[in-house]
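# Chain and residue survey
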Amino acid sequence: GTSDVTGGRYEETDFSSTGSGSLHAGTVIKVGFKTDLTRDAAVDLACRALWEAADADSATGGPDSLRGIYPVVATITVDGWERLADDDLATRYQAIIAEVRDR
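The rules behind these values
- Residues numbered from 1 in each chain as written.
- Predicted model: local features only at pLDDT ≥ 70, side-chain atom pairs only at ≥ 80, totals over all residues.
- Heavy atoms only, no water.
- Helix = DSSP H or I, 4+ residues; strand = E, 2+ residues; numbered from the N terminus.
- Buried < 20%, exposed > 50% of the residue type's maximum accessible area, 1.4 Å probe, protein only.
- Contact = heavy atoms within 4.5 Å.
- Patch = residues over 30% accessible without salt bridge, like charges linked within 9 Å, V, L, I, M, F, W, Y side chains within 5 Å.
- Areas by Shrake-Rupley, 256 points an atom, 1.4 Å probe, with all protein chains shown as cover.
- Salt bridge = Lys/Arg side-chain N within 4 Å of Asp/Glu carboxyl O.
- Axes fitted to C-alpha atoms, helices over the stretch in contact; angles between N-to-C directions.
- Left-handed = near helix turned anticlockwise from the far one by under 90°.
- Nonpolar A, V, L, I, M, F, W, Y, C, P; charged D, E, K, R; others polar.
- Phe/Tyr/Trp six-rings, centres within 6.5 Å; stacked < 30°, edge-to-face > 60°.
- Parallel < 35°, antiparallel > 145°, perpendicular 65-115°, else oblique.

### Brief notes about the overall build of the chain
When you go through the chain residue by residue, the secondary structure sums to 3 helices and 4 strands. Each helix and strand of the chain, ordered N terminal to C terminal, gives the series β-β-α-α-β-β-α. Out of the 103 residues in the chain, the part that is buried amounts to 28%. For the chain, the share of sequence-separated contacts (at least 6 apart) that also reach a separation of at least 24 residues comes to 40%.

Put into structure tokens, the structure is as follows:
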């Protein structure tokens, strides 16, 4: 195993999560993670993980589509670090909201 920045030990080697909502976010990622995820699928999984963490943990802030406030979501590739635009995140979170409403 390895240690994260807070000193916690974990066995996952392909992903990790930290913070008060990390138990919930990590579970979502663990269930949905595959080594061959496309960029869009990986971003959707990260957004879902952040949504579920915010929904289950009162100390985790979630997206606020009314005010246009979204978490920082970025990809890292051989070309470097790239932040997703808020309009991209708005579309992704609207899809999550619609899915949650339909449950």
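### Description of a nonpolar patch on the surface
Together, Val72, Ile76 and Trp81 make up a nonpolar patch on the protein surface, roughly 390 Å² of accessible area in all. Summarising the element assignment, Ile76 is placed in strand 3 (residues 74-77).

### With respect to the packing of helix 1 (residues 22-32) against helix 2 (residues 39-56)
Two numbers describe how helix 1 lies on helix 2: the axes approach to 7 Å, and their chain directions differ by 145°. The element helix 1 and its partner helix 2 pack so that their crossing is right-handed. Contacts between helix 1 and helix 2 involve His24, Ala25, Val28, Ile29 and Gly32 on the former and, on the latter, Leu45, Arg48, Ala49, Glu52, Ala53 and Ala56. Classifying every residue of the contact of helix 1 with helix 2 by side-chain character gives 7 nonpolar, 2 polar and 2 charged.

### Describing the packing of aromatic side chains
If you walk through the whole model with that rule in mind, you get 2 aromatic pairs. Consider the rings of Tyr70 and Tyr93, whose centres lie 6.1 Å apart with planes at 20°: the pair is stacked. Taken together, the residues Tyr70 in the loop between helix 2 and strand 3 and Tyr93 in helix 3 (residues 86-102) connect sequence positions 23 residues apart. There is no split in this pair, since Tyr70 and Tyr93 are both buried. Grouped by ring-pair contacts, the aromatic residues Trp51, Tyr70 and Tyr93 constitute a single cluster.

### Examining the packing of helix 2 against helix 3
Direction vectors running N to C along helix 2 and helix 3 enclose 60°, while the axes themselves pass 10 Å from each other. Viewed along their axes, helix 2 and helix 3 adopt a mutual orientation that is oblique. The way helix 2 lies across helix 3 gives a crossing that is right-handed. Between helix 2 and helix 3, the contacting residues are Arg39, Asp40, Val43, Asp44, Cys47, Arg48, Leu50 and Trp51 on the first element and Leu89, Arg92, Tyr93, Ile96, Ile97, Glu99 and Val100 on the second.

### Concerning the pattern of salt bridges
Oppositely charged side chains can form a pair if their charged atoms are brought close together. In the structure shown here, the tally under the stated rule is 8 salt bridges. Here Asp44 makes a salt bridge to Arg92, at a shortest N to O gap of 2.5 Å. With Asp44 in helix 2 and Arg92 in helix 3, the pair connects residues that are 48 residues apart, well separated along the chain. Taking the relative accessible area as the measure of exposure, Asp44 reaches 38% and is therefore partly exposed. The class of Arg92 is buried, set by a relative accessible area of 12%. Across the salt bridge formed by Arg67 and Asp64, the nearest N and O atoms sit 2.6 Å from each other. One network of salt bridges, with partners in common, ties together Arg39, Asp40, Asp44, Asp88 and Arg92.

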